[in-house]
Amino acid sequence: MPHVLIKSLKVGLLVILCLIFTSNNSTELKSDKMVLAGGSYVLNVVGESAFQLHGIINFETAIKRSSKGKEYTILKLNLSDGQEFPGHSLGFFLSKPYQSLKIADGRHKISGNIEGFLNYFDGVFGFANINQFGESPFFAKNGAITIDKVDDNILQGGINVVFENPNKGSIEINGNFNALKK
């Protein structure tokens, strides 16, 4: 009889420990993604100094034809602090060969060196103007835009991009957004 009691206690303790460890893991996962109001973003900037950017975000979609006649689906993300005299603004252009009006969810990589939009491209182009770093604009060098949810009026996801300016200054921007259709 004591053996049955000891085995029952061991199994019970094992079940309790599993529940404790499982509940801790799910709490950590939930805290990684912030719950953002529609049309907002929160981004962490790491460079010479570290700070946060937040503001208004919207998106637009369109189908454009290249000079060679090939159609591309274009998604524009427009981010600004919403102030009369902006302290920062960012923009991202996601371009994919045409398959539908929507750009699919998933990870979309920065396209490196894009020399112009006349022929469009397959990938992501990004820029950032942040007054705190002076007048030189930053251009996306590497990283990705992740789209978690695509809807007709809402686009949710994350940004993890390294930007460089012409003076070889570099910053990393990462965070989450909840964009509304413009």
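Going by the structure above, here's the rest.
In this report, the structure presented in the accompanying data block is examined. What you see is a predicted model, and the numbers here were worked out from it, not measured in a lab.

**Considering the overall build of the protein chain**
- Scanning the protein chain from N- to C-terminus turns up one helix and nine strands.
- The order of helices and strands in the protein chain, counted from the N terminus, is α-β-β-β-β-β-β-β-β-β.
- Of all 182 residues assigned to the protein chain, the portion counted as buried reaches 31%.
- Contacts in the protein chain between residues far apart in sequence, at least 24 positions, make up 57% of those at least 6 positions apart.
- Approximately 11,400 Å² of the protein chain is accessible, and the part contributed by carbon and sulfur atoms is 56%.

**Comments concerning unusual backbone geometry**
- Here the phi dihedral of K168 falls at roughly 65°; this positive angle occurs in a residue that is not glycine.
- As for its position among the elements, K168 is in the loop between β8 (154–164) and β9 (170–181).

**Concerning the nonpolar core**
- One finds L77, L79, L90, F92, I145, F163 and F177 to be the most contacted residues of the largest nonpolar core, which totals 31 residues.
- Counting residues per element, the ones that place at least two in this core are β1 (40–46), β2 (50–65), β3 (71–80), β4 (88–97), β6 (123–130), β7 (138–150), β8 and β9.

Definitions and cut-offs
Residues numbered from 1 in each chain as written. Predicted model: local features only at pLDDT ≥ 70, side-chain atom pairs only at ≥ 80, totals over all residues. Heavy atoms only, no water. Helix = DSSP H or I, 4+ residues; strand = E, 2+ residues; numbered from the N terminus. Buried < 20%, exposed > 50% of the residue type's maximum accessible area, 1.4 Å probe, protein only. Contact = heavy atoms within 4.5 Å. Areas by Shrake-Rupley, 256 points an atom, 1.4 Å probe, with all protein chains shown as cover. Core = buried A, V, L, I, M, F, W, Y, C linked by side-chain atoms within 4.5 Å.

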